[in-house]
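# Per-entry structural report
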Amino acid sequence: MTYRLVLKSAAAILMIFGLALVFIPNELMAVYKAEPLNQTGVYNTMLYGGTFIALAIMNWAASNAPTMADVRYVILGNLIINCASFAITLTRQLTSTETPQASWLNVALSFIFACLFGYLQFAKVPTSGPASTSIRG
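First, a word on scope: everything that follows refers to the structure included in this document.

Calculation rules
Numbers given to residues run from 1 along each chain, matching the order in which its sequence is written. Thresholds applied to this predicted model are a pLDDT of at least 70 for local features of residues and 80 or more for the giving and counting of side-chain atom pairs; totals over whole chains, interfaces and linings are not thresholded and use all residues. Excluding hydrogens and water, the side-chain values take into account all heavy atoms of the structure. Helix and strand definitions follow DSSP, with helices as H or I runs of at least four residues and strands as E runs of at least two, each counted in order from the N terminus. For every residue, the accessible area obtained with a 1.4 Å probe (protein chains only) is divided by the maximum for its type, and the residue is called buried under 20%, exposed over 50%, and partly exposed between those limits. Pairs of N or O atoms are called polar contacts if they sit within 3.5 Å, as long as, within protein, a hydrogen donor faces a hydrogen acceptor (for residues adjacent in sequence, only side-chain-to-side-chain pairs). In what follows, residue pairs with any heavy atoms lying within 4.5 Å of each other are defined as contacts. Only protein atoms enter the 1 Å grid used here. Points where a 1.4 Å probe fits but cannot escape make up a cavity, open sets with protein on both sides within 12 Å along at least five of seven lines make up a pocket, and a residue lines them when an atom lies within 4 Å of a point. Grid points are joined across faces, edges and corners, and a volume is the space filled by probe spheres set on the points. Gly is put with the polar residues, along with every residue not named as nonpolar or charged; the nonpolar set is Ala, Val, Leu, Ile, Met, Phe, Trp, Tyr, Cys and Pro, and the charged set is Asp, Glu, Lys and Arg. In these notes, a set of buried Ala, Val, Leu, Ile, Met, Phe, Trp, Tyr and Cys residues joined through side-chain atoms within 4.5 Å is what counts as a nonpolar core.

### Here we look at the side chain of T99
In this structure, T99 sits in the loop between α4 (72-95) and α5 (104-122). Given the relative accessible area of 13%, T99 is considered buried. A polar side-chain atom of T99 sits 3.4 Å from a polar atom in the side chain of R92. Of note is the side chain of T99, whose polar atom sits 3.4 Å from the side chain of S96. The contact partners of T99, leaving out residues within four places of it in the chain, are R92 and Q93.

### Focus on the layout of surface pockets
The calculated volume of the largest pocket comes to roughly 1,200 Å³. Lining the largest pocket are 34 residues; nearest its centre among them are Y32, Y48, T89, S103 and N106. Residues of the lining of the largest pocket, tallied by class, amount to 19 nonpolar, eleven polar and four charged.

### Some thoughts on the nonpolar core
Formed by 14 residues in total, the largest nonpolar core has its most connected members in Y3, L7, M68, V71, I75, F117 and L120. Of all the secondary-structure elements, those providing two or more residues to this core are α1 (3-23), α4 and α5. Looking at which element gives the most residues to this core, the answer is α1, with four residues. What L7 contacts, discounting residues up to four positions off in sequence, is N59, A62, S63, V71, V74, N78 and F117. Counting eleven residues, the second largest nonpolar core, distinct from the first, contains A11, M29, Y32 and L55.

### Details of unusual backbone geometry
Trans peptide bonds make up the majority, and among non-glycine residues the majority have a negative phi. Positive phi values are uncommon outside glycine, yet K33 reaches one of about 60°. With respect to the element layout, K33 can be found in the loop between α2 (25-31) and α3 (39-62). Taking the relative accessible area as the measure of exposure, K33 reaches 73% and is therefore exposed.

See the structure below:
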C-alpha cells in the first residue's frame, strides 16, 4: 500500500468523523447507542472534531508530496496518534461497562491505521529520489 493511499484513506475517515463530531455530535452518539452528551460533552466533542478535520486536511495535502521523505514527520505523527488512540480505545473498551459495543469500530480503525503508518515508518525502502516515488508513489 502506498503512502499516498494510506494518507488519503486516513484523511477520508478523519473528515467523516470530524464533520459528524462538529455538526451532529449527539446524532453520532445515537449511532453508537450511547447516552446523549451534556453541554460540556458537546463542546469538547466539537473541539475534538475540529482536530480531526485539521488532521484530515494535513493528511490529504501530504498525500500529494512527491516522495515519502517529504512526509516522514506526518507519517510519524499519524503513527503516534493511532498508537495512542488504539491504547486508549482498547483500554476503555475492556474496562468500562458504559462503553457501547459499537465502539469496537474505534478500536479497529486505530489498530489498522497504527499498523499501516507503522509499516510506512519502519519499512526499509528508499525515502528520497526516483526510487521512492515508484515504490511508494
